[in-house]
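Residue strings, one per chain:
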There are 2 protein chains.
Amino acid sequence: MHNPFIQISGSKRSLHVQVAREIARKILSGEVAQNEIIPSEMVLCEQFSVSRTALREAIKLLTSKGLLESKPKVGTRVKSRDNWNFLDAQLLDWVIDLGDNAFVYQEFLALRKAIEPEAAALAAQNATAQQRILLSATFQQMDYVSKNFDAAQWMEVDMEFHRLVFLSTGNSFYLPFANVLCTMFKSFISHSSEKGGTCIGEHRAIYSAIMAGDAEKAREANKRLLSTTNHRLPTSN
Amino acid sequence: MHNPFIQISGSKRSLHVQVAREIARKILSGEVAQNEIIPSEMVLCEQFSVSRTALREAIKLLTSKGLLESKPKVGTRVKSRDNWNFLDAQLLDWVIDLGDNAFVYQEFLALRKAIEPEAAALAAQNATAQQRILLSATFQQMDYVSKNFDAAQWMEVDMEFHRLVFLSTGNSFYLPFANVLCTMFKSFISHSSEKGGTCIGEHRAIYSAIMAGDAEKAREANKRLLSTTNHRLPTSN
DNA sequence: TCAATCGTTATTATATGATAATTACAAGGG
DNA sequence: CCCTTGTAATTATCATATAATAACGATTGA
C-alpha cells in the first residue's frame, strides 16, 4: 500500500511547484536581482526541462505571491522586495530553506511580540465554545508533555496552542498567522525553552485568561511569554 | 472571437484572473461551502467559456492563496476558512468587493492597533537614510493637504505615510502589511477624519518620533492615532 | 465472511503545438 | 518635435493528446 522506497525528500510535490521553488530560491537568495527580467518562457522551459504548461503555472504561482510580474512583449520581471508576501506559509518555507534562519527567527519574534498579545486578548473575548474546548484539550496535553518532556511533542502542542489562539480571535486578518506560525515552529524545532517548567507557567496564564474571558490578562500573559529570554536561536540545519 | 461588448468593469486584467475572481467571490460569499468539491475542470471551462489553460491558471491562483486544493481523481476542494490568506492584497480586494465592508474595516482596525504601533517603533530604530527622506517628503505633502483639504489627496498621502512606516521597519514580516493597507485605503476613501486638523497632529507626532529615532514615542503616538474615534465607517458602495 | 489484491475509471497533471493579444521600439509623416 | 503607424518579441489563450493519481468496485483466496 505504501511504498517506502520512493520517499525522496520533498519531491512529492507537483512539478510546477518544484519549478516555482527553484525560481523562488534564486530570487530570495538574490541570485536574480530585483526588477530584473528573467529569461523567456522557452528558455526557462529548456533550463528546467519542463513543458510550457508547468513552467507557466510556476510563474503564476510566484506572481500570486508577489515575486514576479509578466507582461507580453516585456517579459517576466522580478518585483521589488516590498511586494514579496512573507506572510505566506509557502513563501516562508522557501525563505527558511535558504538557511539564513537566525535572522528570520528574530524578525518573526518581533512580529509575534506585536501580534500575539493582541490575538490572545481577542481570543479571550471572542473564542467560541468549541474553540475553548479545543484550547482546553490542547493545554491538557501541553501540561502533560511539560512534565514528561519530549522536544518533538512539545513543539507539536506548543504550535497547536498558539495556532488555536489565532484561530480563536474571530478576526479574519489574524487567521493567516496561524499557518505562518506553524511553518516557523516546524522549521525551528528547538525554538522553545529546554526547561519546560517556566514556559508552562506562562502558557497556563494565557490559557486561564482566555478561558476566563479576561482580555487584559491574556494580553499581558502573552507579552510575558514572549519577553522570556529562553527563546533559543534555531540550529542551522 | 472576443466579444468587446462584455467589457465587465475592471476586466482589463487577464482572463484567468477574471475567472479566479469569480470563483473567489463564490467561495468568499459562502455560495460554495467550505470543504465542498467544486465542479470538474471541463464543467467549469464550459461555465466560464474559457480554455482549460485559463481555468487551471485561475484554480492555481486560488490554490496559492489557500482557497482551493486539487487532487487527481478526487477533484478540487474548497479549503476551510482558516487557510484563506486574508493578508494578501488581491484576496483582500476580492473580499472588499463582496460589499460587507463595515465589518472588514473593524477587523482591519483591530489588526492595525496591534501591528502599527510596533511598526512605528521599529521604523524609528531601523529606517534608512533614504527612507527618512521619503518619509519627510511625504509628511510635507501631508501637512500641505491637511491645510488645503481634499479627501482624495488626503487618502493618497495618508496611505503613503503609513505605507512608508511599514517599509521602514526593516522587518520582512512587516512588509506585506504595506500592500494590504494600501488596498484598504483605496477601497475606503472616507476612512479618515473630516477635520484633518486633529489627525495631522498625531501624524506629526509619529513622524517626529521616527525621525528622532525615538521608538517609544513613535509607538505611543501611533497608538493615539488609532485610538481616536474619528475613524469613520466606510460608505457601502 | 473477510481481507487483501487488482482492474477500472474519473479526475487532475503534464506535454505539445498553434493562434491571439499586447506593447516596446523604431520608422515615417505632419 | 510630436504624433502615428508598422514591426517584432513576448506572453496569453486555446485545443488536443497523453500520463499520473487514487477512489471504488470486482475478484480472489483463505
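Let me sum up the structure you'll find in this document.

Each value, and the rule that gives it
Residues numbered from 1 in each chain as written. Chains lettered and ligands numbered in written order. Predicted model: local features only at pLDDT ≥ 70, side-chain atom pairs only at ≥ 80, totals over all residues. Heavy atoms only, no water. Contact = heavy atoms within 4.5 Å. Buried area = accessible area lost by both parts, 1.4 Å probe. Salt bridge = Lys/Arg side-chain N within 4 Å of Asp/Glu carboxyl O. Polar contact = N/O pair within 3.5 Å; in protein donor to acceptor, adjacent residues only side chain to side chain. Helix = DSSP H or I, 4+ residues; strand = E, 2+ residues; numbered from the N terminus. Nonpolar A, V, L, I, M, F, W, Y, C, P; charged D, E, K, R; others polar. Buried < 20%, exposed > 50% of the residue type's maximum accessible area, 1.4 Å probe, protein only. Near = heavy atom within 4 Å. Phe/Tyr/Trp six-rings, centres within 6.5 Å; stacked < 30°, edge-to-face > 60°. Axes fitted to C-alpha atoms, helices over the stretch in contact; angles between N-to-C directions. Parallel < 35°, antiparallel > 145°, perpendicular 65-115°, else oblique. Least-squares fit on C-alpha atoms with pLDDT ≥ 70 in both. Pairing = 2+ DSSP bridges.

### Quick look at the interface of chain B and chain A
It is common to give the size of an interface as the accessible area that goes away when the parts come together.
So, step 1. In this complex, chain B contributes 35 residues to the contact, which on the side of chain A involves 35 residues.
So, step 2. Together chain B and chain A conceal approximately 3200 Å² of surface at their shared face, both sides included; 58% is due to carbon and sulfur atoms.
So, step 3. At the boundary of chain B and chain A, one finds four salt bridges.
So, step 4. The partner of Arg56(A) in a salt bridge is Glu57(B), with the nearest N and O atoms 3.3 Å apart.
So, step 5. Applying the counting criterion to the chain B and chain A interface returns 21 residue pairs in polar contact (both at pLDDT 80 or more).
So, step 6. For the side of chain B that touches chain A, the secondary-structure elements that each account for two or more residues are helix H3 (52–64), helix H5 (101–126), helix H7 (151–167) and helix H8 (175–187) of chain B.
So, step 7. Tallying contributions element by element places H5(B) first for the side of chain B that touches chain A, with eight residues.
So, step 8. The residue makeup of the side of chain B that touches chain A, split by class, is 17 nonpolar, eight polar and ten charged.

### What to know about helix H4 (residues 89–97) of chain B
All names here are of chain B.
So, step 1. Buried within H4 we find Leu91, Leu92, Trp94, Val95 and Ile96.
So, step 2. In the core, the buried residues of H4 are packed alongside helix H1 (15–28), H3, H5 and H8.
So, step 3. Capping the start of H4, Asp88 holds a side-chain oxygen 2.9 Å from the backbone nitrogen of Gln90, two or three residues further along.
So, step 4. Looking at the residues trailing H4, positive phi occurs at Gly99, about 100°.

### Structural notes on the protein's contact with DNA strand C
So, step 1. Close to DNA strand C lie 22 residues, the nearest being Leu15(A), Ser51(A), Thr53(A), Glu41(B) and Arg56(B).
So, step 2. Here, DNA strand C places atoms within 4 Å of the protein, and 66% of those atoms are sugar or phosphate.
So, step 3. The separation between a phosphate oxygen of DNA strand C and a polar main-chain atom of Leu15(A) is 2.5 Å.
So, step 4. In this structure, Glu41(B) approaches DNA strand C through a main-chain N or O atom, which is 3.1 Å from a phosphate oxygen.
So, step 5. Looking at the surface near DNA strand C, the elements that each hand over two or more residues are helix H1 (15–28) and helix H3 (52–64) of chain A together with H3, strand S2 (68–71) and strand S3 (75–78) of chain B.

### A few points about the packing of aromatic side chains
So, step 1. On inspection of all chains with the given rule, the structure shows 15 aromatic pairs over all chains.
So, step 2. Arranged with centres 5.4 Å apart and planes meeting at 65°, the rings of Phe108(A) and Phe173(B) form a pair that is edge-to-face. Placement of the pair is Phe108(A) in helix H5 (residues 101–126) and Phe173(B) in the loop between H7 and H8, with the two residues belonging to separate chains. Accessibility assignment for this pair places Phe108(A) and Phe173(B) in one class, buried.
So, step 3. Three or more aromatic residues link up through ring pairs in this structure, and these residues are Phe166(A), Tyr174(A), Phe177(A), Phe166(B), Tyr174(B) and Phe177(B).

### Digging into the protein's contact with DNA strand D
So, step 1. As a structural note, the neighbourhood of DNA strand D is formed by 22 residues, with Arg56(A), Lys73(A), Leu15(B), Ser51(B) and Thr53(B) the closest of them.
So, step 2. Sugar and phosphate atoms constitute 68% of the interface atoms of DNA strand D, taking the interface as everything within 4 Å of the protein.
So, step 3. In the environment of DNA strand D, a base oxygen lies 3.0 Å from a nitrogen or oxygen atom belonging to the backbone of Lys73(A).
So, step 4. Within the side chain of Ser51(B), one N or O atom sits 2.8 Å away from a phosphate oxygen of DNA strand D.
So, step 5. Those elements that provide at least two residues to the surface near DNA strand D are H3, strand S2 (68–71) and strand S3 (75–78) of chain A together with H1 and H3 of chain B.
So, step 6. Partitioning the surface near DNA strand D into residue classes produces six nonpolar, eight polar and eight charged.

### Comments concerning the packing of helix H2 (residues 41–48) of chain B against H3(B)
Residues and elements named next belong to chain B.
So, step 1. It is the contact of H2 with H3, at a shortest axis distance of 9 Å, that shows an interaxial angle of 105°. With respect to each other, H2 and H3 are oriented roughly perpendicular. Mapping the contact onto sequence places Glu41, Leu44, Cys45 and Phe48 in H2 and Arg52, Leu55, Arg56 and Ile59 in H3.
So, step 2. Per-class residue counts for the contact of H2 with H3 are five nonpolar, no polar and three charged.

### With respect to the relation of the copies chain B and chain A
So, step 1. For these two chains of identical sequence, chain B goes onto chain A by a turn of 180° and a shift of 0.0 Å along the axis, with RMSD 0.1 Å. Such a combination of rotation and displacement between the chain copies is what one expects of a two-fold axis.

### Regarding the sheet that holds strand S1 (residues 37–38) of chain B
Backbone hydrogen bonds are what pair the strands of a sheet, in a parallel or an antiparallel way.
Residue and element names in this part refer to chain B.
So, step 1. Taken in spatial order, the three strands make up an open sheet running S1-S3-S2, and their pairing is antiparallel. In this open sheet, the two edge strands, each paired with only one partner strand, are S1 and S2.
So, step 2. In this structure, S2 lies alongside S3, joined through four bridges in antiparallel fashion. Looking at the pairing, Glu69 lines up with Arg77 of S3.

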